[in-house]
Amino acid sequence: MVSDSLREPWLRGIAFNAAAPADVLIRLLDEAAGEAGLLMCEGRDLPDTVIDAALRHPVERIRRALARNLHVDPARLAPLASDPSGLVRAYLAGGSRTWLQPRWVRPLPNDILVTFLTAQDGGEDGKVTEQDIVEELWFSRQVPLSFPRDMAGHDHPALRLYAAFQWQSLTAAQRNALLDDPDPAVREAARRGNRQLDPEAVEAELPPIGSRHAVSVLGTCALSPAVVEQCFAADEVNPLARNRHTPPDALARLARHRDAEIRRLVATRPDLGPEAAELLRQDPDGDVRMRARLQPSIRTWVEFEAVRRVVDHGFDCTCPITQPATEPSPYWYATCAVSEEPVLRRVAASWPGLPAELVGTLALDDDEAVRIQLACHHPLAPPHLLLDVFVSRPAHRPHLLTLPAFPRTGRTHLIDHPDPEVRALAAADPTLPEPPLEDPDDAVRRAAATNPALTPETLETLLSDLRTAEGAAANPSLPVPRMHALLDHCLNGAATPPTAARR
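Just so it is clear, the model here is predicted, and its values are computed rather than measured. (Residues numbered from 1 in each chain as written. Predicted model: local features only at pLDDT ≥ 70, side-chain atom pairs only at ≥ 80, totals over all residues. Heavy atoms only, no water.)

A.B. asks: Quick one: what's the story with the overall build of the protein chain, residue by residue and with numbers?
C.D. replies: Regarding its fold elements, the protein chain presents 32 helices and zero strands. Dimensions of the protein chain along its principal axes, counting C-alpha atoms only, are 85 × 55 × 40 Å. The buried share of the protein chain, reckoned over its 503 residues, is 49%. Partitioning the contacts of the protein chain with sequence separation of at least 6, the portion at a separation of at least 24 is 51%. Roughly 23300 Å² of accessible area belongs to the protein chain as shown, and the carbon and sulfur atoms make up 54% of that amount. A gap of 2 Å separates the mean positions of the 53 positive and 70 negative side-chain charges of the protein chain. (Helix = DSSP H or I, 4+ residues; strand = E, 2+ residues; numbered from the N terminus. Buried < 20%, exposed > 50% of the residue type's maximum accessible area, 1.4 Å probe, protein only. Contact = heavy atoms within 4.5 Å. Areas by Shrake-Rupley, 256 points an atom, 1.4 Å probe, with all protein chains shown as cover. Lys, Arg positive; Asp, Glu negative; His and termini not counted. Charge placed at Lys NZ, Arg CZ, Asp CG, Glu CD.)

Written out as structure tokens, the structure is:
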């Protein structure tokens, strides 16, 4: 009988074998599959029958793992929002673990969010409360920024209350409706929200300047002239530079501030006066001058946010990508795409809706950051560009590998690359004549063992070698009967069919 040391590699490999049919994957839901079954439920796309089996699985750990799966349509996971186990609910609310989180943050559907926000308990097991689950939800980034507006007119008062707490994201009509809401708690929340836009009320309730709460107020609320003067006197002007309600005369003063960081913060604001904008275009700091050059192209706060998402981050930024509540117009993005300013072209490249002809132009842009933005954000980015960025920018590799357009062939020229992660990518290319099964790097050997061009005889040899067993079990050319035979051994202790001797 083959050594039990091969059991875990076989199970992990089959769990992530792209060609494994549903009946094979369902067997991995057996508790005897251990960690491999949990990793499968959490870490890959699954056929509908496997999803159904996991949704109703009696073992809580299986349902918990499925709740974190970002490859499955979240609408299919809706039953888990009211699962008997509060931990399962909390896992769905919390999203994927950090090290598995792709850059694109998947928003949960409104019906799941409504279930969480209107729940009366935290599950039958009593391990968490409904408030614990909601806190997981807020930190997960799975609530779309448009959700408060969607809920402002909802029948359930708890959801209108939530909308009232996001006061400045609402329309004027929605605010007026909430101020007259039939529910007293909603009316009170709306009244307090409305005070954020009343400079005298903000002044009357202002916490001591310098406190954490004061920073939040100064950065978001409408401010009276007296409060603005207090900020300048205390040199607490960073929040003013970020506050959309800061008056024009204060912005003019901030444009002359001794701290270049303050001048950077105001340089692209759409409400910056022409004299202050011209002054910043002559600023001694190069980054300030660059931002000030962009300012004439920014006329709305929506455009400002689109620029800020790009200009504040470097080439290797891997921050989560979320869907904004509103987007600039397609015409504005198209204008940015042909701008002489590289940063504006980077902004255009970050918009997934950019037309194909402009995508083709930006894929050849002289500015590397433009090409990186396009590769990471646009579904029509050409495969050769995705591969180029994978090779040149290691920080983006995990994200690029999740993209549907990432090339699965055409990588053989990289087989001798000095970076083993690049060689591993090339080793799995099915057009490679001889996968490097003896490469000195473990990851390259595992990748080579997944190459579907390998013969059945070679696969059998690799299955019996600890160094390559996991890759061989994940090989899509592995016959389905062989997958079942391996599972018989791993799950039931049955003898496996004859194999080549271990090396």
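A.B. asks: Give me the packing of aromatic side chains: which residues, what numbers.
C.D. replies: The geometry of an aromatic ring pair comes down to the distance between the two centres and the angle between the two planes. Per the counting criterion, the structure on display carries six aromatic pairs. Residues phenylalanine 147 and tyrosine 162 carry aromatic rings whose centres are separated by 5.4 Å and whose planes lie at 45 degrees to one another, so their mutual orientation is tilted. One end of the pair, phenylalanine 147, is in helix H9 (residues 147–151); the other, tyrosine 162, is in helix H10 (residues 157–165), with 15 residues separating them in the sequence. When the ring of tryptophan 332 is compared with that of tyrosine 333, the centres are 5.2 Å apart and the planes differ by 65 degrees; the resulting orientation is edge-to-face. The class of tryptophan 332 is buried, set by a relative accessible area of 7%. Its relative accessible area of 1% is what places tyrosine 333 among the buried residues. Counting every residue linked through ring pairs, the aromatic cluster contains Trp138, Phe147 and Tyr162. Directly above the aromatic system of phenylalanine 232 lies the positively charged group of arginine 253, at a separation of 3.8 Å from the ring centroid. The cationic tip of arginine 397 hangs over the ring face of phenylalanine 390; the distance from NZ or CZ to the ring centre is 5.0 Å. (Phe/Tyr/Trp six-rings, centres within 6.5 Å; stacked < 30°, edge-to-face > 60°. Lys NZ or Arg CZ within 6 Å of the ring centre and 35° of its normal.)

A.B. asks: Account for helix H19 (residues 274–281), with residues named and values stated.
C.D. replies: Of all the positions in H19, only Ala276, Ala277 and Leu280 are classed as buried. Buried residues of H19 fall within an arc of 100 degrees about the axis and therefore sit on the same side. Counted as exposed and oriented over 90 degrees from the buried face of H19: Pro274 and Glu275. Looking at the buried side of H19, the elements it contacts are helix H17 (248–254), helix H18 (260–267) and helix H20 (286–294). (Arc of directions from axis to C-beta.)

A.B. asks: Go over unusual backbone geometry, please, and point to the residues and values.
C.D. replies: Trans is the prevailing form of peptide bonds, just as negative phi is the prevailing case for residues other than glycine. Not every positive phi belongs to a glycine, and arginine 141 is a case in point at roughly 65 degrees. By the secondary structure assignment, arginine 141 is in the loop between helix H8 (130–140) and H9. At aspartate 235, a position not held by glycine, the phi torsion is positive, near 55 degrees. As for its placement among the helices and strands, aspartate 235 is situated in the loop between helix H15 (225–233) and helix H16 (238–242).

A.B. asks: Talk me through the pattern of salt bridges; I want residue IDs and the actual numbers.
C.D. replies: Throughout the structure, instances matching the rule amount to 35 salt bridges. The closest approach of N and O atoms between arginine 423 and aspartate 439, which form a salt bridge, is 3.0 Å. Taken together, the positions of arginine 423 in helix H28 (residues 420–427) and aspartate 439 in the loop between H28 and helix H29 (442–449) put the pair 16 residues apart, joining distant regions of the chain. Of the two residues examined, arginine 423 and aspartate 439, each falls in the buried class. A salt bridge links glutamate 460 to arginine 482, with the shortest nitrogen-to-oxygen separation between them at 2.7 Å. Taken together, the residues glutamate 460 in helix H30 (residues 456–463) and arginine 482 in helix H32 (residues 480–492) connect sequence positions 22 residues apart. One exposure class covers both glutamate 460 and arginine 482, and it is buried. Among the charged side chains, a network of salt bridges with common partners joins Glu261, Arg264, Asp285, Asp287, Arg291 and Asp312. (Salt bridge = Lys/Arg side-chain N within 4 Å of Asp/Glu carboxyl O.)

A.B. asks: How would you summarise the packing of helix H26 (residues 383–392) against H28 if you had to cite specific residues and measurements?
C.D. replies: Relative placement of two packed helices is described by the angle separating their axes and the distance separating the axes. Axis separation between H26 and H28 bottoms out at 9 Å; the angle between their running directions is 145 degrees. Along the contact surface, H26 presents Leu387, Phe390 and Val391, while H28 presents Glu421, Val422 and Leu425. When its residues are assigned to classes, the contact of H26 with H28 shows five nonpolar, no polar and one charged. (Axes fitted to C-alpha atoms, helices over the stretch in contact; angles between N-to-C directions. Nonpolar A, V, L, I, M, F, W, Y, C, P; charged D, E, K, R; others polar.)

A.B. asks: Can you explain H20? Please cite residues and give values.
C.D. replies: Residue pairs spaced three or four apart in an α-helix point in one direction, given the helix's 3.6 residues per turn. Along H20, the residues that are buried comprise Val288, Met290, Arg291, Ala292 and Leu294. The opening residue of H20 is aspartate 285, an N-cap whose side-chain oxygen sits 3.0 Å from the backbone nitrogen of aspartate 287. (Polar contact = N/O pair within 3.5 Å; in protein donor to acceptor, adjacent residues only side chain to side chain.)

A.B. asks: Summarise the state of the cysteines; cite the residues concerned and give the values.
C.D. replies: For the structure on display, the rule yields zero disulfides. Sulfur of cysteine 317: no disulfide; nearest cysteine sulfur belongs to cysteine 319 and is 3.4 Å away. Free of any disulfide, cysteine 376 has its nearest cysteine sulfur in cysteine 317, 9.2 Å distant. Taking relative accessible area as the criterion, cysteine 376 reaches 1% and is therefore assigned buried. (Disulfide = S-S within 2.5 Å.)

A.B. asks: I'd like to hear about the side chain of arginine 269, residue by residue, with values.
C.D. replies: Along the chain, arginine 269 turns up in the loop between H18 and H19. Arginine 269 sits in the buried class, given a relative accessible area of 1%. Those residues in contact with arginine 269, other than ones at most four positions away along the chain, are Leu240, Ala241, Arg242, Asn243, Arg244, Thr246, Leu251, Gln295, Trp301 and Phe304.

A.B. asks: So what about the environment of threonine 455? Which residues, and what values?
C.D. replies: Among the structural elements, threonine 455 can be located in the loop between H29 and H30. Look at threonine 455 and you get partly exposed, because its relative accessible area is 38%. Expressed as a C-alpha distance, the spacing of threonine 455 and leucine 478, which sit 23 residues apart in the sequence, is 9.5 Å.

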